[in-house]
Amino acid sequence: MGLYNYTIHQLQELIAGKEVTAKELLDSFLENIENVEEEVKAYITITEGEARSRIEQGLQGKLAGIPIAVKDNISTEGIKTTCASRILEDYVPPFDATVIRRLKEEGAVIIGKNNLDEFAMGSSTENSAFFPTRNPRNTDYVPGGSSGGSAAAVAAGEAAGALGSDTGGSVRQPASFCGIVGLKPTYGSISRYGLAAFASSLDQIGIFSRDVEDTAILLNVLTGYDPLDSTSAKLQHPDYTDFLKDELEGMKIALPEEYFSVDMDPEVRECVITAVRKLEEAGAEIEEVRLSGLKYALAAYYIISSAEASSNLARYDGVRYGYRFSNARGINEMYEKSRKEFGDEVKRRILFGTYVLSSGKYEDYYLKAQKARKQLTEEIQNLFREYHLLVSPATPTTAFKLGAVKDPFEMDQTGIFTVAANLSGIPAISIPCGVDSRNLPVGIQIMGPHFQEGRLIQAAYSLENILGFKDPGYCGRYCHEQKL
Ligand code: GLN
């Protein structure tokens, strides 16, 4: 097995024991990229030159020599950061996002920038202005989105771990589609300084990894107060690797009925229920509960996220930021022709967001959505007075074929199980729990109270051990014929 298929904790041991050098590691990943990237297309930019020169300088820290991929809406100094948009096609930021600084301080090697749905709007990575990414498990299928490039990079052994952003599920959903682990931490626990804003009250940087232990390792590096992000929590974070224990005894887990009664793929439901039964056998107490506010979650999410996007994306006007159409006769034509470069999905959200904020409509939509958000958050917080965790499927279906979902409303449905965690700010993780009859991965979602990532990690780690589900790495175009 190539080094590119190892987990971060395995690679850390090899590096610490001087069994491999950072250069050998990078070479192994780059060689694999060379073999698979043409098919998978996880990257917009591969930063081989920067990676090599960093290694030559000598690296130290917890992640010394570990190749990490980064979603292309996270700012990297001197490296193009496009948000997969024509508007930012040539933008080279003069600064690093805080998460990049933290990774670099621990010796990580940024290996490239991943494809995404333009400005993180979408669920399949087909909305990238450049090209779609494919699911490494079966390249006829989408990897999910919007962080599809980051998920595919990890699943295909093109990076040891990756950063994504999750506004309504964009880390957990692609992790689930690609059969890896995806964590959206609590709002405020990882700095968002340098993340291109989509919907500021929901956006959170998240982590992709091959297993739960790697998630804990990356979380330790990434969390912590940042004065550059006004929503960053002033809080001492624990060592998350202390929660890597196989212990479910006494853990009270709630299954909100609404997560299982909606229209969903019966194979997904069965797979998740089987995993829940195993949690029970291992000592967890499982109870069905009601979460009635969930029925408004998706609608509230699209109203609030589009409203915030319409305001956040106003800055790309050809003057302050982004592409400028330079042959215009007058300012109106300049605005118009510059902003024309946004893709259809981004335009749709800006229009919708502007509409729900307009006078006369504001009370009917935006205000109602905020009320639904508040009610849902309170309901979730009440559940956490009695239960340690909530469990649900991560997505209502497994991956779909490229081009199969054309209706944007149908596409939005894939976020039905993930948006509640963003609306309420709680942490949520998706881990693989099996495969469907097409051998495509199914993800189970575990949600916990604010800043209780440790508890999430403990449950996810235990479940991962019980299920014995291990990421096999990339095995080529016909990966799906190989049983996971
Ligand atoms: N699918 C959701 C959307 O399109 C999620 C996006 C996200 O989390 N960035 O808005």
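Residues numbered from 1 in each chain as written. Predicted model: local features only at pLDDT ≥ 70, side-chain atom pairs only at ≥ 80, totals over all residues. Heavy atoms only, no water.

Examined against the element boundaries, G122 turns out to sit in the loop between β3 (109-114) and α5 (148-155). Sequence spacing of G122 and G425 is 303 residues, and the spatial spacing of their C-alpha atoms is 20 Å. Residue contacts for G122: discarding those within four places in its chain leaves D117, N127, G145, S146, S170 and R349. (Helix = DSSP H or I, 4+ residues; strand = E, 2+ residues; numbered from the N terminus. Contact = heavy atoms within 4.5 Å.)

It is worth spelling out the packing of aromatic side chains at this point. Centre distance and the angle of the planes are the two values used to describe a pair of aromatic rings. Evaluation of the coordinates by the stated rule reveals 11 aromatic pairs. Ring geometry for F119 and Y316: centres 5.0 Å apart, planes at 50°, overall tilted. Pair noted here: F119 is in the loop between β3 and α5 and Y316 is in the loop between α10 (297-312) and α11 (331-339), with a separation of 197 residues, a long-range link. The class of F119 is buried, set by a relative accessible area of 3%. (Phe/Tyr/Trp six-rings, centres within 6.5 Å; stacked < 30°, edge-to-face > 60°. Buried < 20%, exposed > 50% of the residue type's maximum accessible area, 1.4 Å probe, protein only.)

Here the focus is the site of the ligand. The environment of the ligand is formed by 14 residues, the closest being T167, G168, S170, Y301 and R349. Within the backbone of T167, an N or O atom sits 2.8 Å from an oxygen atom of the ligand. Taking G169, its main chain carries an N or O atom lying 3.3 Å from an oxygen atom of the ligand. If the ligand stood free it would expose 290 Å²; the protein chains cover 98% of that surface. Taking a 2 Å distance to the grid points as the criterion, the majority of the atoms of the ligand fall inside the largest cavity. (Near = heavy atom within 4 Å. Polar contact = N/O pair within 3.5 Å; in protein donor to acceptor, adjacent residues only side chain to side chain. Areas by Shrake-Rupley, 256 points an atom, 1.4 Å probe, with all protein chains shown as cover. 1 Å grid on protein atoms, 1.4 Å probe; cavity = no way out; pocket = protein on both sides within 12 Å on 5 of 7 lines; lining within 4 Å. Sits in = over half its atoms within 2 Å of the grid points.)

So, about the environment of H237. You can see H237 is positioned in the loop between α7 (212-222) and β7 (252-256). Note on H237: relative accessible area 15%, which makes it buried. Sequence separation between H237 and E288 is 51 residues; the distance between their C-alpha atoms is 31 Å. Setting aside chain neighbours within four positions, we find H237 in contact with S189, T223, G224 and F451. At 2.8 Å, the side chain of H237 forms a polar contact with the side chain of Y240.

So, on to unusual backbone geometry. In this model, G145 is joined to S146 through a cis peptide bond whose omega is 5°. With respect to the helices, strands and loops of the structure, S146 is situated in the loop between β3 and α5. The backbone phi angle of K41 is positive, close to 55°, even though this residue is not glycine. As for its placement among the helices and strands, K41 is situated in the loop between α2 (22-40) and β1 (43-46). Phi at N439 is positive, roughly 65°, even though this residue is not glycine. Counting through the fold element by element, N439 comes out in the loop between β10 (428-435) and β11 (441-447).

Moving on to the sheet that holds β11. In space, the 11 strands of this open sheet follow the order β1-β3-β2-β4-β6-β5-β10-β11-β9-β7-β8, with mixed pairing throughout. Each of the sheet's edge strands pairs with one partner strand only, and the pair in question is β1 and β8 (285-289). Sheet twist, expressed as the mean angle between neighbouring strand axes with direction ignored, is 25°. In this structure, strand β2 (residues 67-71) lies alongside β3, joined through 5 bridges in parallel fashion. Bridging across to β3, V70 finds its partner in K113. Where helix α9 (residues 266-281) meets the sheet, its contacts fall on β7, β8, β9 (389-393), β10 and β11, and the angle it forms with β11 comes to roughly 50°. (Pairing = 2+ DSSP bridges. Axes fitted to C-alpha atoms, helices over the stretch in contact; angles between N-to-C directions.)

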